[in-house]
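Okay, here's what each chain looks like letter by letter:
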Amino acid sequence: MMTGAKRKRSAVWRKIHAVRFEDIKLWCISRLPILRWVPAYNWKENLIPDTVSGMMLAIQQVTQGLAFAVLSSVHPVFGLYGSFFPVIIYAIFGMGHHVATGTFALTSLISANAVERLVPSVSTNFTTNNSGALGLSEFEMQRIGVAAAVSFLGGIIQVTMFMLQLGSATFLLTEPVISAMTTGAATHVVTSQVKYLLGMKMPYISGPLGFFHIYAYIFENIRTVQLEALLLSLLSIVVLVLVKELNEKFQRNIKVVLPIDLVLIIATSVACYYADMEYIYGLEVVGHIPKGLPSPKPPPMNVLPEVVTEAFGVALVGYVASLALAKASAKKFKYTVDDNQEFLAHGLSNVIPSFFFCIPSAAAMGRTALLYSTGAKTQVACLISCALILVVICAIGPMLYWLPMCVLASIIVVGLKGMLMQFRDLKKYWNVDKIDWSIWISTYLFTICFAANVGLLYGVVCTTVIVIFRFPRAKTLNLKNVKEVEYKYKTEDNCESLKQVKIVSVNNPLVFLNAKKFHADLIKIIQKDCTSSQACEDVNKCEQNTLLCSFPNGSCHGESLQTCHSERRVLILDCSGLNFFDYTGVSVLLQIYMDCKNRHTDMLLAHCKASLIKAMQYGGNLESENPVFFESISSAIDAIQIHRNYSKFSEQSEV
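As the structure is a prediction and not an experimental result, all values here were calculated from the model. (Residues numbered from 1 in each chain as written. Predicted model: local features only at pLDDT ≥ 70, side-chain atom pairs only at ≥ 80, totals over all residues. Heavy atoms only, no water.)

**Q** Sorry, what's going on with the packing of aromatic side chains here?
**A** What describes a pair of aromatic rings is the distance from one ring centre to the other and the angle between the planes of the rings. On inspection of all chains with the given rule, the structure shows 20 aromatic pairs. Judged by centre distance (3.7 Å) and plane angle (5°), the rings of Tyr-319 and Phe-343 are stacked. Residue Tyr-319 is located in helix α14 (residues 308-333), and its partner Phe-343 is located in helix α15 (residues 339-351); the two are separated by 24 residues in the primary sequence. Each of the two residues, Tyr-319 as well as Phe-343, counts as buried. Ring centres of Tyr-429 and Tyr-583 lie 5.0 Å apart, and the angle between their planes is 80°; this geometry places the pair in the edge-to-face category. On the criterion of sequence distance, the pair formed by Tyr-429 in helix α20 (residues 425-432) and Tyr-583 in helix α25 (residues 583-598) is long-range, its members being 154 residues apart. Overall, the relative accessible area of 0% leaves Tyr-429 in the buried class. (Phe/Tyr/Trp six-rings, centres within 6.5 Å; stacked < 30°, edge-to-face > 60°. Helix = DSSP H or I, 4+ residues; strand = E, 2+ residues; numbered from the N terminus. Buried < 20%, exposed > 50% of the residue type's maximum accessible area, 1.4 Å probe, protein only.)

Structural data, given as structure tokens:
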């Protein structure tokens, strides 16, 4: 007889032999999305827009790479490496077609805490040129070692989350929390650049309430402001904002926008060189930029236990910000993104580049918006930008020696405009759900008082606790109302005209906890094939606490939703059981409304509370020739009959 150990080994071997080539192929395609989109790439239609977008993206990657490296308290050249290696890794493993990963302000700010704590600043001058590794001083190499360790450990955490399939937990990250956290972090970044904008020498300040201590120090030492740096900063910001606004205004009329970042860098570098501003006016410049790619070297493992806090911050904040951009682009261009696969893609984009002296990476809103505006089609645009960045690293980099640091700071501040403009969301949250408005405000305050990861954690905990306290107040749906409607129309001769009407009664509050499931269940109902059944079936329960009552009194022999009947289908949502909602719930309802419209299905809402009607009218474009909101299911069905009778009468009149 076989022992237990032998039986287990035998079972394992049977499973291994049962694996087919097709299974391996499907697994590789699911984990390597590049194998899916490269063979289907349309070279004729997509190459030109991707090339143009790649060129514009490379300019922004170079400027942001230099700037965010300084923000991370490391030498600017490491930002160029961070704009090259992570992009290639994400193009292989990532699913976002318009997600431009690379250096990121928020992750740079977090890693700077570890760098400044473990390798305190001795000088803010980057012009030191030693004969050590990469031609940089040992001090700079120690600093990038710490930043690379943060990137490595943060990536390991993300890969671990992928293996634990924690991507499904992202529903806890609501839009108000993400918006408040990123806005607060952007405020921190702007604050960290004030010393460069003013040309001031000041120590690194961090920790709780460090935001306020920085401004207190600035006001105490206001007389040390360097007038030349301040004037150059103001001029740079005005030029950047003005030209970017003009680019946005006329982007439909011009195919290629003016790369003002590049123009400004060239102009100020040339002016600084010929006017000798570094020595005459004391302007701080970027300094020596080593030429060529570095040889791979593992990050110092001995510092990993000391950077755990920053690594978790990088892993969570970077992933949340990147996933939000990936989902937004997927929604805009109608493709899907797997939350777990994004964990793997961003994890590897941090782990592998850390061996090449890269700071933590993530996707950035400004770069993604640039890909939108320049008409990028696929990740090829990012790969083309990598080729151009490689040229900068190998040839053009040393020419950036004379670039003033105040200009780099100006580029950072203007580049964060999109995040800072999220303050406008406050009006939206106030009109839709005042509790979401309160969560936004409190999350923002926690972020600027402490840190981005603390603000994110507070937002998630606060949102979860509020929902837990709100759910017990929810009333269950009164089934009698639905059955009465059903009974009424059983006895009428026109039940045949209602065969394309579906009534879905919501039985629970619609909030971020169940919005995703609600959307999936309702889409299944909309997509469900028409089947032969008796008129006016009993109320069928849907998954996720919804009830379905349909009137399918005709047979359609398995035809599709769009073709099984000549008349438009109608979906009625009975919202009498929808006791409360949040911004995410309203967004899902509006998205379902647009999905129904695209599927030639009319969506009507009955028994809506005034607050829900107001929120939906404010939150989305509900343009329709016919009313959308009704006092009851009966009035909605009456409106359907009147509309159909009128349509038939019009057709007969035309005949």
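**Q** Looking at this model, I keep getting lost on unusual backbone geometry. Mind explaining?
**A** Where the residue is not glycine, phi is negative for most of them; where a peptide bond is considered, it is trans in most cases. Here the phi dihedral of Lys-334 falls at roughly 60°; this positive angle occurs in a residue that is not glycine. With respect to the helices, strands and loops of the structure, Lys-334 is situated in the loop between α14 and α15. Overall, Lys-334 belongs to the exposed group, its relative accessible area being 69%. Here the phi dihedral of His-607 falls at roughly 60°; this positive angle occurs in a residue that is not glycine. Within the fold, His-607 resides in the loop between β7 (601-606) and α26 (610-619). The class for His-607 is partly exposed, based on a relative accessible area of 28%.

**Q** Explain the packing of α14 against helix α16 (residues 365-373) to me, please; I cannot follow it from the model alone.
**A** Helices that pack against each other are described as a pair by the angle of their axes relative to one another and the distance between those axes. Two elements in contact, α14 and α16, have axes whose closest approach is 11 Å; the angle formed by their N-to-C orientations is 15°. Here α14 is positioned roughly parallel relative to α16, judged by the angle of their axes. When you trace α14 past α16, the crossing you get is right-handed. Within the contact between the two elements, α14 uses Leu-325, Ala-328, Ser-329, Lys-332 and Phe-333 and α16 uses Met-365, Thr-368 and Tyr-372. Class assignment for the residues of the contact of α14 with α16 results in five nonpolar, two polar and one charged. (Axes fitted to C-alpha atoms, helices over the stretch in contact; angles between N-to-C directions. Parallel < 35°, antiparallel > 145°, perpendicular 65-115°, else oblique. Left-handed = near helix turned anticlockwise from the far one by under 90°. Contact = heavy atoms within 4.5 Å. Nonpolar A, V, L, I, M, F, W, Y, C, P; charged D, E, K, R; others polar.)

**Q** It is not clear to me how the packing of α14 against helix α22 (residues 452-470) should be interpreted in this structure. Could you clarify?
**A** As a packed pair, α14 and α22 sit with axes 9 Å apart at the nearest point and diverge in direction by 65°. Handedness of the α14/α22 crossing: left-handed. From α14, Thr-309, Gly-313, Leu-316, Val-317 and Val-320 reach across to α22, where they touch Ala-452, Asn-453 and Leu-456. Here the contact of α14 with α22 is built from residues that sort into five nonpolar, three polar and no charged.

**Q** Looking at this model, I keep getting lost on helix α12 (residues 260-275). Mind explaining?
**A** Helical geometry: 3.6 residues make up each α-helical turn, so side chains three or four residues apart lie on a common side. Taking 1.5 Å per residue, 16 residues should reach 22 Å; α12 reaches 22 Å between its end C-alpha atoms and fits that length. Packed against the buried residues of α12 are α4 (43-71), α11 (227-249), α13 (277-280) and α18 (405-415). (Expected span 1.5 Å × (residues − 1).)

**Q** Got a minute to help me understand the pairing of strand β6 (residues 569-574) in this structure?
**A** It is a general feature of regular strands that their side chains alternate between the two faces of the sheet. With six of six residues buried, β6 is to be regarded as a mostly interior element. On β6, burial covers both faces: Arg-569, Leu-571 and Leu-573 on one face and Val-570, Ile-572 and Asp-574 on the other are all buried. Sheet topology note: the strand β3 (residues 501-506)/β6 ladder contains five bridges and is parallel. Directly across from Val-501, in β6, lies its bridge partner Val-570. Judged from the six bridges that link them, β6 and β7 form a sheet pairing that is parallel. Across the sheet, residue Arg-569 finds its bridge partner in β7, namely Thr-601. What joins β6 to β7 is α25, and the crossover it makes is right-handed. (Pairing = 2+ DSSP bridges. Right-handed = clockwise from strand over helix to strand, strands pointing away.)

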